[in-house]
Amino acid sequence: MDKIIAFSFDDGTVQDERLVALLKKYGFKATFNLSSALFGTEYSFEMNGHHVVHTRLPLEKALALYEGFEVAAHTRTHNCLKLLEPKDIIEEVVPDYMRLSELFGRPVRGLAYAWGGKNYDRLAVEILKNFTTVRYARSAADGNSLAFPENFLAWNPSAHILSDKLSGLIDEFERAEKGLLFIWGHSFELDFDDGWNRAEAVLKRLKNIDAENLTCMETCERLSR
Ligand SMILES: [Zn+2]
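Being a predicted model, the structure only gives us computed values, none of them experimental.

(A) View of the pairing of strand β1 (residues 3-10). For β1, a buried count of seven out of eight residues is recorded, marking the element as mostly surrounded by other parts of the structure. As defined by bridge partners, β1 adjoins strand β9 (residues 179-185) across seven bridges and the pair is classed as parallel. Within β9, the position partnered with Ile 5 by the bridge is Leu 181. Note that β1 and strand β2 (residues 31-34) share three bridges and pair parallel. The residue bridging Ser 8 from the neighbouring strand is Thr 31, located in β2. Following the backbone out of β1, through helix α1 (residues 16-25) and into the adjacent parallel β2, one traces a crossover that is right-handed.

Have a look at this one:
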């Protein structure tokens, strides 16, 4: 019976150094979704009264940090595919995974759609399917479900790592014989509202559940059999 835990984190910001250390502490693997044209870009913004540091890791640090983790694409310049023309969708996706594959020295076959919520549409899915080698693409819309995905190119995560519904889903997952608990987020979001402690509590709890931890690509391969 497949009972799988998978993690997917976006943007490759400097806080990933702390997140990777936390994942390693509990022995979890995960997938990190990166935009190949944006390494080292410095950015910050205000969100819900918090000053958010959104500086992306420089390439050299990223290459070392994600050793042993899956790297997936996140569009070349962090663009929302459902707002683009077909040729621009391809331009954001194909050179991105090709460049990441070359830089990291391993095949990059996954994608996390950039921007929030249901950040893809049918056209984007069709283009990925017919004109790219992308095997799976994750949205930012919580499915609040442990069900296996029907379409890996329109793959909704179970819940955000700071979602107030995650604890109930973990209860359900604990009791279930099979299922996929697919958690996503951004490490920069953990910098406030006690986020780091909350994330660690989630990992600590999951460590005690008898389930397999796979990367997104491994999950896709396993469930596509
Ligand atoms: Zn993003």
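(B) Local environment of the environment of Trp 115. Locating Trp 115 in the fold gives a position in the loop between β6 (110-112) and α4 (122-131). Sequence separation of Trp 115 and Ser 139 is 24 residues, and the distance between their C-alpha atoms is 8.7 Å.

(C) Highlighting the nonpolar core. Within the largest apolar cluster, 55 residues are counted, with the highest numbers of intra-cluster contacts made by Ala 6, Leu 111, Tyr 113, Ala 137 and Leu 181. Excluding its chain neighbours within four sequence positions, the residues that come into contact with Tyr 113 are Leu 81, Asn 119, Tyr 120, Ala 137, Arg 138, Ser 139 and Ala 140.

(D) Geometry of the environment of Tyr 97. Its place among the elements puts Tyr 97 in helix α3 (residues 86-104). Between the alpha carbons of Tyr 97 and Arg 138 there is a distance of 15 Å; along the sequence they are 41 residues apart. Among residues more than four places away in sequence, those in contact with Tyr 97 are Ala 73, Val 108 and Val 134.

(E) Summary view of the packing of α3 against α4. The contact between α3 and α4 brings their axes to 10 Å, and the two run at 60°. Taken together, the axis directions place α3 and α4 in an arrangement best described as oblique. As α3 runs across α4, the sense of the crossing is right-handed. Facing α3, whose interface residues are Pro 86, Ile 89, Ile 90 and Val 93, α4 presents Leu 123, Ala 124, Ile 127, Leu 128 and Phe 131. Looking at the contact of α3 with α4 residue by residue, the classes come out as nine nonpolar, no polar and no charged.

(F) Representation of α1. Every buried residue belonging to α1 is among Asp 16, Leu 19 and Leu 23, and all of these are buried. Taken around the axis of α1, the buried residues stretch over an arc of 55°, which confines them to a single face. Those residues of α1 that are exposed and aimed more than 90 degrees away from the buried face are Ala 21 and Lys 25. Just downstream of α1, Gly 27 is the residue with a positive phi angle, here 70°.

(G) Spatial organisation of helix α5 (residues 166-175). Here α5 has its buried residues at Leu 166, Leu 169, Ile 170 and Phe 173. End-on, the buried residues of α5 take up no more than an arc of 100°, which puts them together on one face. Exposed positions of α5 whose direction lies more than 90 degrees from the buried face are Gly 168, Asp 171 and Arg 175. Elements that come into contact with the buried residues of α5 comprise β8 (159-160), β9 and α6 (195-207).

The rules behind the values
- In this convention, every chain numbers its residues from 1, walking through the sequence in written order.
- Only residues with pLDDT of 70 or above have their local features reported here, since the model is predicted, and side-chain atom pairs are shown and tallied only from 80 upward, although totals for entire chains, interfaces and linings are computed over all residues.
- Partly exposed residues are those falling between the two cut-offs: more than 12 but fewer than 20 other C-beta atoms within 10 Å of their own, whereas 20 or more means buried and 12 or fewer means exposed, with C-beta atoms placed from the backbone.
- Every helix listed is a DSSP run of H or I at least four residues long, and every strand listed is a run of E at least two residues long, numbered separately from the N terminus.
- Note: two strands are recorded as paired if DSSP finds a minimum of 2 bridges between them.
- A crossover counts as right-handed when, viewed with the strands pointing away from the observer, the path leading from the first strand over the helix to the second turns clockwise.
- In these notes, a nonpolar core means any group of buried Ala, Val, Leu, Ile, Met, Phe, Trp, Tyr and Cys residues linked to one another through C-beta atoms within 7 Å.
- Contact criterion: two residues are in contact if their C-beta atoms, reconstructed from the backbone, are within 7 Å.
- Axes, fitted as lines to C-alpha atoms, cover a helix only where it is in contact. Angles between the N-to-C directions of the axes lie from 0 to 180 degrees.
- The cut-offs work like this: below 35 degrees is roughly parallel, past 145 is roughly antiparallel, 65 to 115 is roughly perpendicular, and the gaps in between are oblique.
- Crossing handedness is defined as follows: a turn of the near helix away from the far one that is anticlockwise and smaller than a right angle gives a left-handed crossing, while the clockwise case is right-handed.
- Residues are grouped as follows: nonpolar covers Ala, Val, Leu, Ile, Met, Phe, Trp, Tyr, Cys and Pro; charged covers Asp, Glu, Lys and Arg; every other residue, Gly included, is treated as polar.
- This arc corresponds to the set of directions leading from the helix axis out to the C-beta atoms.

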